[in-house]
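# Structural description and commentary
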Amino acid sequence: MKRINSFLQLLAATLLLLISTGEARGQNEIMLTQHWALPTLYNPANTGNTDFLRIRAAARLQWIGVENAPRSFIGAADVPFSLGGKRIGVGLTALQESLGLFSNLNLGLQVSYKFKIGKGILSVGVQPAYYNSRFKGSEVILPDGDDYHQGGDSSIPTQDLSGNHFDLSAGVSFTHKYFTVGLSCMHVMSPKINLSLEGSQSNETQQYQTELPRALYLTADGNIPLKNTLFELQPSLLLTSDFSGFTGEAALRTTYNHFITFGLAYRWQDAIGVTIGGEYKNFFLGYAYEYPLSGINKASSGSHEIVAGYSLKLDFSGKNKNKHRSIRLM
């Protein structure tokens, strides 16, 4: 129990640190409205947290109506297994996103190790990954003939560039029957990617550089059965910081009979959203709509997000059986 209390105190201190960092920051990392549906995306320690092989795919189309607005596509899968009598989780993640003229790809392999503490499980995970970034310089338009632009500005690439780098993330999480809390640091090394002309191996062309910022995530999910009903309340929280500012999202869902769920979400000083989802025979489908609260609502009708997945129950032959469902909607 002392270990659990210490772990929760650490998370509480981290939460205060995030809040005290000052103004909310702009978006560097993808933040899903349905972040609870892809827990391994934000923390590799969440792999293997259930007795299911979980497969998830998601698409997020942000700020519909705005040209070159962010577009994100995600694939994730994780599975638990036993090794030497210990619980291990492994997973794969793939994230492809388009941000203006940038296109980024992150492919990660996840591994986590579980420790039983009290009535819960403490998990420690790491995620080595391959990161690739591309810039569509051929689509850059440099207006000429005014006081603010120069058509021959060499600091702005006008040819397609690309580069790649090794990436590393790590995290911890604690899972109980009624809640899960986690803390992770994604892109631990904050890698700087040299961009060169596509297909060129010459070091002389590597004059442009982009950075993958380090990001700290605090997640919390709960599952509260309502007595004498078939309803469950499922609050969730996602906070993130780049160590200079923070942003976050809180959501509250209601699930009926482990079948259909609906809820509301609020993203700090950014958007409000509604979610609806359902599960049938281990298939899951969820949809979310966000309406922006900032001035961008003059140009955009909002953001759309869809998550689909399948969960396959695994047989541990009486060992490590989990009698309760995952606190997240499967």
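Residues numbered from 1 in each chain as written. Predicted model: local features only at pLDDT ≥ 70, side-chain atom pairs only at ≥ 80, totals over all residues. Heavy atoms only, no water.

## Comments concerning the overall build of the protein chain
Filter applied, for reference: By the criteria applied, helices consist of DSSP H or I runs no shorter than four residues and strands consist of E runs no shorter than two, each listed in order from the N terminus. Categorising residues by exposure relies on relative accessible area from a 1.4 Å probe, with only protein chains included: less than 20% of the type maximum marks a residue as buried, more than 50% marks it as exposed, and the intermediate range marks it as partly exposed. Whether two residues are in contact is decided by their heavy atoms, any of which lying within 4.5 Å being enough. For the accessible areas, the method is Shrake-Rupley and the probe is 1.4 Å, while residue cover comes only from the protein chains on display.
Assigned secondary structure in the protein chain consists of 1 helix and 17 strands. The burial tally for the protein chain puts 45% of its 330 residues in the buried class. Long-range contacts, defined here as pairs at least 24 residues apart, represent 57% of the contacts in the protein chain between residues at least 6 apart. Taken as a whole, the protein chain presents about 16700 Å² of accessible surface, with 61% of it coming from carbon and sulfur.

## Re the pairing of strand β4 (residues 102-117)
Defined as follows: Only strands that DSSP links by at least two bridges are regarded as paired with each other.
Where strand β3 (residues 86-99) lies against β4, 12 bridges are found, and the strand directions are antiparallel. Residue pairing across strands places Leu99 opposite Phe102, the latter belonging to β4. Here β3 hands over to β4 after 2 residues, with Gly100 in that stretch at a positive phi of 65 degrees. Two strands pair when backbone bridges link them, and β4 and strand β5 (residues 120-135) are joined in this way by 14 bridges, in the antiparallel orientation. Considered in β5, the bridge of Leu107 is made with Tyr130. Counting the residues in the hairpin turn of β4 and β5 gives 2 residues, including Gly118, whose phi is positive at 60 degrees.

## A word on the packing of aromatic side chains
The line we're drawing: Ring pairs are drawn from Phe, Tyr and Trp, using the six-membered ring of Trp, whenever the two centres fall within 6.5 Å, and their geometry is named by plane angle: stacked under 30 degrees, edge-to-face over 60, tilted for the rest. The criterion is that NZ of a Lys, or CZ of an Arg, lies within 6 Å of the ring centre and within 35 degrees of the ring normal, and then a charge sits over that ring.
Scanning all chains against the criterion turns up 8 aromatic pairs. With centroids separated by 4.9 Å and ring planes inclined at 55 degrees, the aromatic side chains of Phe102 and Phe135 adopt a geometry described as tilted. Pair noted here: Phe102 is in strand β4 and Phe135 is in strand β5, with a separation of 33 residues, a long-range link. Using a relative accessible area of 13% as the deciding quantity, one classes Phe135 as buried. On the numbers, 6.1 Å between centres and 40 degrees between planes, the contact of Phe174 with Phe179 is tilted. A cation over an aromatic ring shows up here: Arg253 above the ring of Trp36, its NZ or CZ 3.6 Å from the ring centre.

## Details of a nonpolar patch on the surface
Under the convention used in this document: Residues forming no salt bridge and having over 30% relative accessible area are the ones grouped into patches, like charges within 9 Å of each other and nonpolar side chains (Val, Leu, Ile, Met, Phe, Trp, Tyr) within 5 Å. Within this document, salt bridges are pairs made up of a side-chain nitrogen of Lys or Arg and a carboxyl oxygen of Asp or Glu, the two lying within 4 Å of each other.
On the surface, Ile224, Leu226, Leu230, Phe231 and Tyr256 cluster together into a nonpolar patch covering about 410 Å² of accessible area. Topologically, Leu230 is positioned in the loop between β11 (224-225) and β12 (231-241). Taking relative accessible area as the criterion, Leu230 reaches 47% and is therefore assigned partly exposed.

## Quick word on the confidence of the model for the protein chain
This is how it is decided: Per-residue confidence from the predictor is reported as pLDDT, a score between 0 and 100.
Of the residues in the protein chain, 80% have a pLDDT of 70 or more, and the chain-wide mean is 84. Taken as a whole, residues 1-27 scores under 50 in pLDDT and shows 42 contacts with residues more than four places along the chain or in a different chain.

## Some remarks on the pattern of salt bridges
A full pass over the atoms with the stated rule returns 9 salt bridges. The salt bridge partner of Asp51 is Arg87, with a shortest N-O separation of 2.8 Å. One end of the pair, Asp51, is in the loop between α1 (2-19) and β1 (52-64); the other, Arg87, is in strand β3, and 36 residues separate them in sequence. This pair shows no difference in class: Asp51 is buried, exactly as Arg87 is. In this structure, Lys313 engages Asp51 in a salt bridge whose closest nitrogen and oxygen atoms are separated by 3.8 Å. Pair noted here: Lys313 is in strand β17 (residues 302-313) and Asp51 is in the loop between α1 and β1, with a separation of 262 residues, a long-range link. Residue class for Lys313 comes out partly exposed when judged on its relative accessible area of 45%.

## Here we look at the pairing of strand β9 (residues 208-211)
Because side chains alternate across β9, one face comprises the buried residues Tyr208 and Thr210, and the other comprises Gln209 and Glu211, none of which is buried. Inspection of the sheet shows strand β8 (residues 192-197) paired to β9 by 4 bridges, in the antiparallel sense. Considered in β9, the bridge of Leu195 is made with Tyr208.

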